[in-house]
Amino acid sequence: MTSQNARRAPFRVGDQVRGTTYVPPDHHRHERPERFEGVVVQVGSGYAGVDAKTAFLWVRLADHTERQALVSDTELVPKEVAQ
């Protein structure tokens, strides 16, 4: 049974997205957030009870490396309209 209040996740595996990578606060001395664009390969934090502010997703870039980002720091790339 589907709930009327059920919400679709903001991203799905295979979506083209762009955003800013997540760097944990204790890594800021060594790493800096960076902009990225790629394809979603995993959605979800992997931890039960995590709210949307701290939910993660993983994105595969064109060079086949992956980046972790907060859902809140990521957006869908608009699909081009065929002419």
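That block above? That's the structure.
What counts, and where the lines are drawn
- Residues numbered from 1 in each chain as written.
- Predicted model: local features only at pLDDT ≥ 70, side-chain atom pairs only at ≥ 80, totals over all residues.
- Heavy atoms only, no water.
- Helix = DSSP H or I, 4+ residues; strand = E, 2+ residues; numbered from the N terminus.
- Buried < 20%, exposed > 50% of the residue type's maximum accessible area, 1.4 Å probe, protein only.
- Contact = heavy atoms within 4.5 Å.
- Areas by Shrake-Rupley, 256 points an atom, 1.4 Å probe, with all protein chains shown as cover.
- Phe/Tyr/Trp six-rings, centres within 6.5 Å; stacked < 30°, edge-to-face > 60°.
- Pairing = 2+ DSSP bridges.
- Axes fitted to C-alpha atoms, helices over the stretch in contact; angles between N-to-C directions.

Peer 1: Account for the overall build of the protein chain, with residues named and values stated.
Peer 2: Across its full length, the protein chain carries zero helices and five strands. Secondary structure of the protein chain in N-to-C order comes out as β-β-β-β-β. With 83 residues in all, the protein chain has 25% of them scored as buried. Contacts spanning at least 24 positions in sequence make up 42% of the contacts within the protein chain whose residues lie at least 6 apart. Accessible surface, the protein chain as shown: approximately 6,600 Å² in total, 50% of it carbon and sulfur.

Peer 1: An account of the packing of aromatic side chains is requested, with residue identities and associated values reported.
Peer 2: When we look at a pair of aromatic rings, we describe it by the centre distance and by the angle of the planes. For the structure on display, the rule yields two aromatic pairs. Ring geometry for tyrosine 22 versus phenylalanine 56: centroids 4.9 Å apart, planes at 70°, classification edge-to-face. You can see tyrosine 22 sitting in the loop between strand E1 (16-20) and strand E2 (35-43) and its partner phenylalanine 56 sitting in strand E3 (residues 56-60), a full 34 residues away along the chain. A relative accessible area of 28% places tyrosine 22 in the partly exposed class. With a relative accessible area of 14%, phenylalanine 56 lands in the buried category. Look at phenylalanine 56 and tryptophan 58: their rings are 6.3 Å apart centre to centre, the planes differ by 50°, and that puts the pair in the tilted class. Neither residue differs from the other here; phenylalanine 56 and tryptophan 58 are each classed as buried. Following the ring pairs from residue to residue traces out a cluster consisting of Tyr22, Phe56 and Trp58.

Peer 1: I'd love a proper account of the side chain of threonine 21, names of residues and values included.
Peer 2: Within the secondary structure, threonine 21 is located in the loop between E1 and E2. Apart from the residues within four sequence positions on either side, threonine 21 is in contact with Arg32, Pro33, Glu34, Phe36, Arg67, Gln68 and Ala69.

Peer 1: So what's going on with the sheet that holds strand E5 (residues 74-76)? Residues and values would help.
Peer 2: Pairing is antiparallel across the open sheet formed by five strands, whose spatial order is E4-E3-E2-E1-E5. Single-partner strands in this sheet number two, and they are strand E4 (66-70) and E5. Along the sheet, successive strands turn relative to each other by an average axial angle of 45°, direction set aside. For E1 and E2, the ladder comprises five bridges, and the chain directions are antiparallel. Directly across from glutamine 16, in E2, lies its bridge partner valine 39.

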